[in-house]
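# Commentary on secondary and tertiary structure
In case you want the letters, here they are:
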Amino acid sequence: MNDYIKDSMSDDEIRVLGGVQESSRASARSMSGSSHPIRKYVLVGLAVIGIVGLIVLLSFLLGKRNTQQLEAKMKLSEKTSAVSERTANLKSSSNSNAYLVFKDTVINDIPMRMIFPENCKMKLYVGKLPQHDDVLLALPAADVRSDKDAPTGAFVVDGELVSKGQSKYGFCAIIGDEITIGRQLETKLFERSIENNGSFFRQYSLVSDGKLIDIPPKGKSLRRALCYANGEIVVVLTQDRESFHDFSQALVDLGVKEALSLPGADAAIHYVDTTGNSVTQGQTIKDKPKSENYLIWSKL
């Protein structure tokens, strides 16, 4: 009898020896078994938490993957797609005199001078700053490499290839009377300039398709830009030192569609003013690089 009791009694049963009624035993079992639903709820809760955590983790991983794919697509688009370009024909007439129109304006508290060449021939020039009578306006065109042997980026003068490179997306092509300013990594205008005795150079793009282009340098300096606005080519100069960002925003607000940064903030420029006097403004440097180059507008 004692062996039977020992073998058949479970750990969660309460036995009272000496004639316990069956109803008391059932009651004891029901009391001891009341903890089972609590365990069940705990397990269900843990399962729910685990599922929610898994969903959150999968969402994070998928979101990260989509973001990486989007960034990759943006970089690929930046490298391969044409952004924009604008072409203007220089106003020219053999019966008209060549001259410059100056307009001073203030945009976003930035004083700027706009110069409109009228009835002029525009070209890319390599050599010392030209100051002879036929030149109405001359200012630096392309940055020069640190070794001073060649301009940075692609550079073509009168059909002659001087240097190659795509370090900057902005460009200017001069082919006959057509002046094209744009922002594009690869353009057929580079080959066309060589084939048609034209000129081509690259610089930072400040405005493209009427939108601001942010470029890394954050310091302030006197700024210059070759612009396309209202179907015309115009040179814009700041009167005070400005950041690239503020200058670019001012050009956008001015209505410029394409703008190319021109170098040499303090470097000398030459122009003929409204009274016909020749003016050289800025600093001249004695030790000029071999590839010193300028954009010039001259009489036809």
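Quick look at the structure, then. Everything numeric here is computed off the predicted structure, so don't read it as measured data. Starting from 1, residues in each chain are numbered consecutively following that chain's sequence as written. Note on the predicted model: pLDDT of at least 70 is required for a residue's local features to be given, and 80 or more for side-chain atom pairs to be given and counted; whole-chain, interface and lining totals, by contrast, use all residues. For side-chain calculations, the full set of non-hydrogen atoms in the structure is used, while hydrogens and water are omitted.

In this section: the overall build of the protein chain. Elements are defined by DSSP. Helices are runs of H or I of four residues or more, strands are runs of E of two residues or more, and each kind is numbered from the N terminus. Along the protein chain, the regular secondary structure elements total five helices and 18 strands. Each residue gets one of three labels from its accessible area relative to the maximum for its type: buried under 20%, exposed over 50%, partly exposed in between, using a 1.4 Å probe on protein chains only. Expressed as a percentage of the 300 residues in the protein chain, the buried residues total 38%. When the accessible area of the protein chain is evaluated, it comes to approximately 17800 Å², of which 53% is carbon and sulfur surface. A 1.4 Å probe and the Shrake-Rupley method give the accessible areas. Residues count as covered only by the protein chains that appear here.

What follows is about the environment of Ile 179. Examined against the element boundaries, Ile 179 turns out to sit in strand 9 (residues 178-183). Owing to a relative accessible area of 0%, Ile 179 belongs among the buried residues under this scheme. Along the primary structure Ile 179 and Arg 86 are separated by 93 residues, whereas in three dimensions their C-alpha atoms are 8.2 Å apart.

With that out of the way, let us pick up the sheet that holds strand 15 (residues 258-262). In this scheme, strands are said to pair when DSSP sees at least two bridges between them. Sheet architecture is open: seven strands sit in the order 2-3-14-13-15-11-12, paired in antiparallel fashion. Strands at the two margins of the open sheet, each flanked by one partner only, are strand 2 (99-107) and strand 12 (211-212). As defined by bridge partners, strand 2 adjoins strand 3 (residues 110-118) across nine bridges and the pair is classed as antiparallel. Across the sheet, the residue bridging to Val 101 is Phe 116, located in strand 3.

Next up on the list: the pairing of strand 15. Burial within strand 15 is extensive, with five of its five residues counted as buried. Where burial is concerned, the two faces of strand 15 agree: the one with Glu 258, Leu 260 and Leu 262 and the one with Ala 259 and Ser 261 are both buried. In this structure, strand 11 (residues 205-208) lies alongside strand 15, joined through two bridges in antiparallel fashion. Along strand 15, the bridge assignment pairs Ser 205 with Leu 260.

Should a side-chain nitrogen of Lys or Arg be within 4 Å of a carboxyl oxygen of Asp or Glu, the pair is scored as a salt bridge. Under the counting rule described, the total for this entry stands at five salt bridges. With its nearest N and O atoms 2.8 Å apart, the salt bridge here joins Asp 104 to Arg 113. Taken together, the shared-partner salt bridges in this structure form one network comprising Arg 86, Asp 209 and Glu 258.

Let us now look at the nonpolar core. Soluble globular proteins tend to bury their nonpolar side chains together. Among the buried residues, those of types Ala, Val, Leu, Ile, Met, Phe, Trp, Tyr and Cys that are joined through side-chain atoms within 4.5 Å form a nonpolar core. In this structure, Phe 201, Leu 226, Leu 295 and Trp 297 are the most contacted members of the largest nonpolar core, which totals 31 residues. In this structure, Leu 226 is in contact with Met 122, Cys 172, Ile 181, Ile 233, Val 234, Val 235, Glu 258, Ala 259, Leu 260, Leu 262, Leu 295 and Trp 297, ignoring residues within four places of it in sequence. Ile 107, Ala 229, Phe 244 and Phe 247 belong to the second-largest nonpolar core, a separate cluster that totals 20 residues. The contact criterion used throughout is that any non-hydrogen atoms of two residues lie within 4.5 Å.

Okay, unusual backbone geometry next. The backbone of Asp 109 sits at a positive phi, close to 65 degrees, despite the residue not being glycine. Note on placement: Asp 109 falls in the loop between strand 2 and strand 3. For Asp 109, a relative accessible area of 72% puts it in the exposed group. Non-glycine residue Asn 119 carries a positive phi angle of around 55 degrees. By secondary structure assignment, the location of Asn 119 is in the loop between strand 3 and strand 4 (120-126). On the basis of relative accessibility, which here comes to 11%, the residue Asn 119 falls in the buried class.

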